[in-house]
Amino acid sequence: MRAGRRNCVAPDHNGEDMTYRKIVGFGVAMTALLLNAAAAGGAGNPVAIAIHGGAGVIDRVQMTADRERAYREALAAALDAGYSILESGGSSVDAVTAAVRTMEDDPLFNAGKGAVLNHEGAAELDAALMDGNGPRAGAVAGVRHVKNPIELARLVMERSPHVMLVGEGAEEFALEQQVVLVPNSYFRTERRRLDLEREIQEERNQQKPTPVTGTGTVGAVALDRAGNLAAATSTGGLTNKRHGRVGDSPIIGSGTYANNESCAVSATGQGEFFIRSVVAYDICALVNYRHLSLDAAVHEVIQVKLKRLGGEGGVIAIDHAGRISLDFNSEGMFRGARDSHGRREISIWRDNP
Ligand code: ASP
């Protein structure tokens, strides 16, 4: 073999075959090139997503086996819709939009179809999306006819110079952007009508307003291959809320926040407490300035600060390494997490995965 090679090429000064060395050199160069290209596209980088479907009192007695199965399946569908986008190299913004839209279309959750009703019996929806790359953000509040408020929030971010649009102005923008509009009756379900009836009765008995969390606000946070974080939240707010009331979900920094320098967070719970505590930003600030781990920052805000004020609820959060934190100080939180290390889980209560 060696003699044969020597027959067709000139030997170098060491008596080595030049063509052989060139081939090896070419191979090494090509491998380096391919590795660089893969690194640039982030092919080997981790991806991860977490979702929630609301926190609060999730009564185990009322939760029949069928109902629990339905929740778990709905959460899995949303989780996988987002994860498949990340897995095929899509952006975290696309992933959180897909996960939240999936839950908005499912009447089990308090977002989009199946949203809770305000005191007058109407659905008024809030949503926000934040791209940690920028960062940039979009939000809508008090919309009554937008089928998927998360899509409108995204359009506010991408196609308007603003961060937040509310009520009629938001719906005018929705019309311009040709998003799907529906009559308010599309959102209303029998279950939510009964919830409202019960709360109004309670209010009469107690002689004071009783807006309550409907359990079922939805949210998602994700990390994509390019290292970008995103967060999205969508809700109908509180059952029996006053017309015009806006919760924490669409407030950037309270219910929704993402910044590539720290983390991405989506919250659920009693919005007024989350607004006063600026929960989502506070968690990211603890990561950014005090260099707390994501778990420690979430614990500090949800289990210590929020609790001290009497606020109930939880968050899902993710950092630049794809570490996920799912924490709540309420009885339960519908939630799910999936990552490229093989983690895939859906949980409802603390002690029962
Ligand atoms: N945080 C939402 C709000 O106050 C409600 C919820 O998460 O259940 O509007």
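Residues numbered from 1 in each chain as written. Predicted model: local features only at pLDDT ≥ 70, side-chain atom pairs only at ≥ 80, totals over all residues. Heavy atoms only, no water.

Draft legend 1. Examining the sheet that holds strand β10 (residues 263-269) more closely. Read from one edge to the other, the open sheet built from four strands follows the order β9-β10-β11-β12, with strand pairing classed as antiparallel. The open sheet has two free edges, formed respectively by β9 (256-258) and β12 (324-328), since each of these has just one partner strand. On average, each strand axis in the sheet is inclined to that of its neighbour by 10 degrees, with strand direction left out of account. Across three bridges, the pairing between β9 and β10 is antiparallel. (Pairing = 2+ DSSP bridges. Helix = DSSP H or I, 4+ residues; strand = E, 2+ residues; numbered from the N terminus. Axes fitted to C-alpha atoms, helices over the stretch in contact; angles between N-to-C directions.)

Draft legend 2. Focus on the sheet that holds strand β14 (residues 344-349). Here eight strands make up an open sheet; going across it, the order is β4-β3-β2-β7-β6-β1-β13-β14 and the pairing mixed. Edge strands, defined here as strands with exactly one partner in the open sheet, are β4 (164-166) and β14. Taken over all neighbouring pairs, the strand axes of this sheet differ in orientation by 5 degrees on average, direction set aside. Two elements, strand β13 (residues 332-339) and β14, share five bridges in a ladder whose sense is antiparallel. When the sheet's bridge partners are listed, Gly-332 is paired in β14 with Trp-349. With respect to the sheet, helix α5 (residues 149-159) is in contact with β2 (125-131), β3 (136-143), β4 and β7 (229-235), its orientation differing from that of β3 by roughly 135 degrees. (Contact = heavy atoms within 4.5 Å.)

Draft legend 3. View of unusual backbone geometry. Cis geometry is found at the peptide bond from Gly-134 to Pro-135, where omega equals -10 degrees. Topologically, Pro-135 is positioned in the loop between β2 and β3. With a phi close to 60 degrees, Gln-178 is a non-glycine residue in the positive phi region. Examined against the element boundaries, Gln-178 turns out to sit in the loop between α6 (167-176) and α7 (190-206). Relative accessible area serves as the criterion here: at 72%, Gln-178 is assigned to the exposed category. Positive phi is not limited to glycine here, since His-291 has a value of about 55 degrees. By the secondary structure assignment, His-291 is in the loop between α9 (279-289) and α10 (294-309). For His-291, a relative accessible area of 65% corresponds to the exposed category. (Buried < 20%, exposed > 50% of the residue type's maximum accessible area, 1.4 Å probe, protein only.)

Draft legend 4. Molecular detail of the packing of aromatic side chains. Considering all chains together, one arrives at four aromatic pairs under this definition. With 4.2 Å between their ring centres and 20 degrees between their planes, Tyr-71 and Phe-334 make a pair best called stacked. In this pair, Tyr-71 sits in helix α3 (residues 65-87) while Phe-334 sits in strand β13, placing the two residues 263 residues apart along the sequence. Take Tyr-71: its relative accessible area is 3%, and that puts it in the buried class. A ring pair is formed by Tyr-186 and Phe-187, whose centres lie 5.2 Å apart and whose planes are at 75 degrees; its orientation type is edge-to-face. According to the relative accessible area criterion, Phe-187 is buried, its value standing at 0%. Chaining the aromatic ring pairs together yields one cluster made of Tyr-71, Phe-109 and Phe-334. Over the face of the ring belonging to Phe-328 we find Arg-350, whose NZ or CZ atom lies 4.2 Å from the ring centre. (Phe/Tyr/Trp six-rings, centres within 6.5 Å; stacked < 30°, edge-to-face > 60°. Lys NZ or Arg CZ within 6 Å of the ring centre and 35° of its normal.)

Draft legend 5. The pairing of β10, seen in detail. Among the seven residues of β10, seven are classified as buried, and the element is accordingly described as predominantly covered. Burial along β10 is two-sided: the face carrying Cys-263, Val-265, Ala-267 and Gly-269 and the face carrying Ala-264, Ser-266 and Thr-268 are both buried. Where β9 folds back on β10, the antiparallel hairpin that results is connected by four residues. Where β10 and strand β11 (residues 313-319) come together, seven bridges link them in antiparallel fashion. Counterpart to Cys-263 in the pairing with β11 is Asp-319.

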